[in-house]
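Analysis of the macromolecular model
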Amino acid sequence: MSTRYAFGKTVDAGFEPTVGKVTQALAKEGFGVLTEIDVAATMKKKLGLDLPPYRILGACNPQFAHRALQAEPEIGALLPCNVVVRTGTKGETIVEIMDPGAVLQLVGRPEIAEIAAEVKRRLERVLAAV
């Protein structure tokens with residue numbers, strides 16, 4: 001499954017085990033998880049809504065982030081790469097990853113496009129490993 005700004009797939013595992021697998025796969029590709037947002041818990045707390053599990057992981061590869069920031073200091077507004085693990089409408093577990101090429105094309109610089117392409121290749125390997 002993919003959109004203009006993300007790519008992903010449905011996996012044969014539960015929500016929490018998938019969050020763990022995604023985190024491990026990210027680490028193998030040099031990414032750390034800088035932020036973790038529990039969207040369902042936030043919606044419950046702020047709006048009183050009961051939603052299925054939905055977590056956003058803010059993934060960052062320090063080497064690529066440094067290169068991008070050196071080339072374009074303002075690019076921090078587009079970082080980190082978000083990885084979503086969520087429960088779908090039929091109870092399935094879905095992993096979706098922001099396409100760095102789609103987002104970073106906004107910058108319009110060839111050196112940033114090169115970084116985005118390598119980051120995407122690594123994130124595709126993360127998805128394949130889950």
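In this report, the structure presented in the accompanying data block is examined.

1. Quick word on the packing of helix α3 (residues 62-71) against helix α5 (residues 110-129)
Relative to each other, α3 and α5 sit at 165°, their axes nearing to 10 Å. The orientation of α3 relative to α5 falls into the category roughly antiparallel. For the crossing formed where α3 meets α5, the hand is left-handed. On α5, the residues touching Phe64, Arg67, Ala68 and Ala71 of α3 are Glu111, Ile112, Ile115, Glu118, Val119 and Arg122. Tallied by class, the residues present in the contact of α3 with α5 amount to 6 nonpolar, no polar and 4 charged.

2. Side note on unusual backbone geometry
Of the consecutive residues Leu79 and Pro80, the connecting peptide bond is found in the cis state with omega at -5°. Tracing the sequence through the fold places Pro80 in the loop between α3 and β4 (81-87).

Cut-offs and rules
- Counting from 1, residues in each chain are numbered in the order their sequence is written.
- Reporting of local features is limited, given that this is a predicted model, to residues whose pLDDT is at least 70; pairs of side-chain atoms are given and counted only at 80 or more, and all residues count toward the totals for whole chains, interfaces and linings.
- The side-chain quantities take in all heavy atoms of the structure and omit both hydrogens and water.
- Fitting a line to C-alpha atoms yields each axis, with helices limited to the stretch in contact; the angle taken between N-to-C directions then spans 0 to 180 degrees.
- Strands are runs of DSSP state E lasting at least 2 residues, helices are runs of H or I lasting at least 4, and numbering of each runs from the N terminus.
- Convention used here: angles under 35 degrees read as roughly parallel, angles over 145 as roughly antiparallel, angles from 65 to 115 as roughly perpendicular, and any remaining angle as oblique.
- Less than a right angle of anticlockwise turn of the near helix away from the far helix marks a crossing as left-handed, whereas a clockwise turn marks it as right-handed.
- Contacts between residues were defined by any pair of non-hydrogen atoms, one from each residue, lying within 4.5 Å.
- Gly falls in the polar group here, along with every residue not listed as nonpolar (Ala, Val, Leu, Ile, Met, Phe, Trp, Tyr, Cys, Pro) or charged (Asp, Glu, Lys, Arg).

Such coordinate-based values are descriptive only and should not be taken to indicate function.
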